[in-house]
Amino acid sequence: MNENCKSGFVTLIGRPNVGKSTLMNHLIGQKIAITSNKPQTTRNRIQTVYTDERGQIVFLDTPGIHKAKNKLGEYMVNIAEKSIKDVDVILWLVEPTTYIGAGEQHIAEQLRHCKKPVILVINKIDTVKKDEIPKFIDAYKEVCDFAEIIPVSALRSNNTDTVTDCIFKYLPYGPMFYDEDTITDQPMKQIVAEMIREKALRSLDEEIPHGIAVCIDRMKERGNTGIMDIDATIICERDSHKGIIIGKGGSMLKKIGTQARADAENMLEMKVNLKLWVKVKKEWRDSDFLIKNFGYDKKQEEI
Ligand SMILES: Nc1nc2c(ncn2[C@@H]2O[C@H](COP(=O)(O)OP(=O)(O)OP(=O)(O)O)[C@@H](O)[C@H]2O)c(=O)[nH]1
Ligand SMILES: [Mg+2]
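Residues numbered from 1 in each chain as written. Chains lettered and ligands numbered in written order. Predicted model: local features only at pLDDT ≥ 70, side-chain atom pairs only at ≥ 80, totals over all residues. Heavy atoms only, no water.

### Details of the sheet that holds strand 7 (residues 213-221)
So, step 1. With respect to topology, 3 strands assemble into an open sheet ordered 7-8-9, the strand pairing being mixed. Edge strands, defined here as strands with exactly one partner in the open sheet, are strand 7 and strand 9 (271-280). The mean inter-strand angle of the sheet, taken between neighbouring strand axes irrespective of direction, is 15°.
So, step 2. Sheet topology note: the strand 8 (residues 227-236)/strand 9 ladder contains 10 bridges and is parallel. Across the sheet, residue Ile 234 finds its bridge partner in strand 9, namely Val 278.
So, step 3. Against the sheet, helix 7 (residues 239-246) makes contact with strand 8 and strand 9, and its axis sits at roughly 155° relative to strand 9, the strand it touches most.
So, step 4. Its contacts with the sheet put helix 8 (residues 251-268) on strand 7, strand 8 and strand 9, and the angle it makes with strand 9 is roughly 140°. (Pairing = 2+ DSSP bridges. Helix = DSSP H or I, 4+ residues; strand = E, 2+ residues; numbered from the N terminus. Axes fitted to C-alpha atoms, helices over the stretch in contact; angles between N-to-C directions. Contact = heavy atoms within 4.5 Å.)

Listed below in structure tokens is the structure:
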């Protein structure tokens with residue numbers, strides 16, 4: 001065994017919208033997971049890798065744990081809850097509040113049984129007064145036996161280095177799982193699909209984004225020209241939603257496409273020619289076949 005190198009798996013769990021994906025992107029220093037102010041942004045387990053001289057952390061960003069209203073929701077919650085069993089350290093993210101609701105109690109119940117180090121991360125401390133923070137820490141101390149409690153602001157990079165330090169403290173010694181240049185196991189196509197979904201999430205109002213999926217129909221470099229042709233379809237659940245996604249004279253679709261293309265060009269480091277289509281598939285979120293078809297595969301539930 002290598003006594004100098006630590007390595008292991010760490011899951012980020014919590015209710016939707018607490019900032020799990022924002023924190024993970026920040027800890028690895030690159031934007032891989034999409035983020036938005038709409039709950040249930042993350043739908044799959046997103047695996048990323050952080051390596052430094054102390055060793056390697058494999059992060060699993062998971063969908064927010066919530067009361068599922070359809071099969072897609074059940075799939076998402078299952079991924080998050082299962083991840084607890086497969087990792088060395090758990091990061092539980094919460095909002096800065098003394099009110100600990102049923103959602104948090106449900107998560108705490110599972111953590112009490114898991115016998116693994118749980119680090120409680122109280123995120124978004126930029127939204128509260130500094131002298132209030134001890135109150136939140138005390139409230140959460142009653143809930144579970146935590147290895148550590150760390151107040152942070154993922155958005156403002158406040159105290160996030162402490163999170164990495166703490167994870168290394170609790171990781172076992174062992175060899176690295178990936179070479180040191182690896183950042184994620186997400187296929188390029190999937191990252192591009194997620195970029196498009198992020199722009200749609202951020203541009204559209206409440207109800208519609210939850211019923212959206214994105215499929216990449218084609219992604220191919222045009223000869224050796226340094227131009228990537230990407231054809232993608234945004235799937236939604238209703239004809240009325242289709243109209244909104246396209247917008248007046250195609251304005252909304254153009255906005256989503258322009259923003260997604262900029263992100264894709266940055267990541268792929270080449271020019272991107274992005275064509276977007278919109279299709280309706282009624283109630284796809286309750287169809288096992290379509291859920292799988294749109295990339296939410298049961299295999300994802302396992303590491
Ligand atoms: N003020 C503030 N906002 C934050 C912070 N961290 C994240 N946010 C915001 O909170 C919202 C949700 O962030 P995400 O990272 O998408 O949250 P998530 O927990 O991954 O959400 P799901 O994937 O839906 O479970 C976004 O609008 C973020 O910008 C923080 O430290 N401070
Ligand atoms: Mg997320």
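### A short note on the packing of aromatic side chains
So, step 1. With the rule as written, the count across this model stands at 7 aromatic pairs.
So, step 2. Here Phe 9 and Phe 177 contribute two aromatic rings whose centre-to-centre distance is 4.9 Å and whose plane-to-plane angle is 65°, an arrangement assigned as edge-to-face. On the criterion of sequence distance, the pair formed by Phe 9 in strand 1 (residues 6-14) and Phe 177 in the loop between helix 5 (160-170) and helix 6 (188-203) is long-range, its members being 168 residues apart.
So, step 3. Overall, the relative accessible area of 46% leaves Phe 177 in the partly exposed class.
So, step 4. On the basis of an interplanar angle of 55° and a centroid distance of 6.5 Å, the ring pair of Tyr 50 and Phe 168 is categorised as tilted. Taken together, the residues Tyr 50 in strand 2 (residues 46-52) and Phe 168 in helix 5 connect sequence positions 118 residues apart.
So, step 5. Residue Phe 168 is classed as buried on the basis of its relative accessible area, which comes to 5%.
So, step 6. Ring pairs connect the aromatic residues Tyr 75, Trp 284, Phe 294 and Tyr 296, which therefore count as one cluster. (Phe/Tyr/Trp six-rings, centres within 6.5 Å; stacked < 30°, edge-to-face > 60°. Buried < 20%, exposed > 50% of the residue type's maximum accessible area, 1.4 Å probe, protein only.)

### Digging into the side chain of Lys 20
So, step 1. Mapped onto the elements, Lys 20 comes out in helix 1 (residues 20-28).
So, step 2. Of the buried charged residues, Lys 20 lacks a salt bridge, with Asp 61 as the closest side chain of opposite charge at 5.9 Å.
So, step 3. What Lys 20 contacts, discounting residues up to four positions off in sequence, is Leu 12, Ile 13, Gly 14, Arg 15, Asp 61, Thr 62, Pro 63, Gly 64 and Leu 93. (Lys, Arg positive; Asp, Glu negative; His and termini not counted. Salt bridge = Lys/Arg side-chain N within 4 Å of Asp/Glu carboxyl O.)

### Re the environment of Phe 294
So, step 1. Here Phe 294 shows up in the segment after helix 9 (288-293).
So, step 2. When the C-alpha positions of Phe 294 and Trp 284 are compared, they lie 9.3 Å apart, and in sequence the two are 10 residues distant.
So, step 3. In contact with Phe 294, not counting residues within four places along its chain, are Ala 213, Cys 215, Ile 235, Lys 281 and Trp 284.

No statement about biological role is implied by the geometric values presented.
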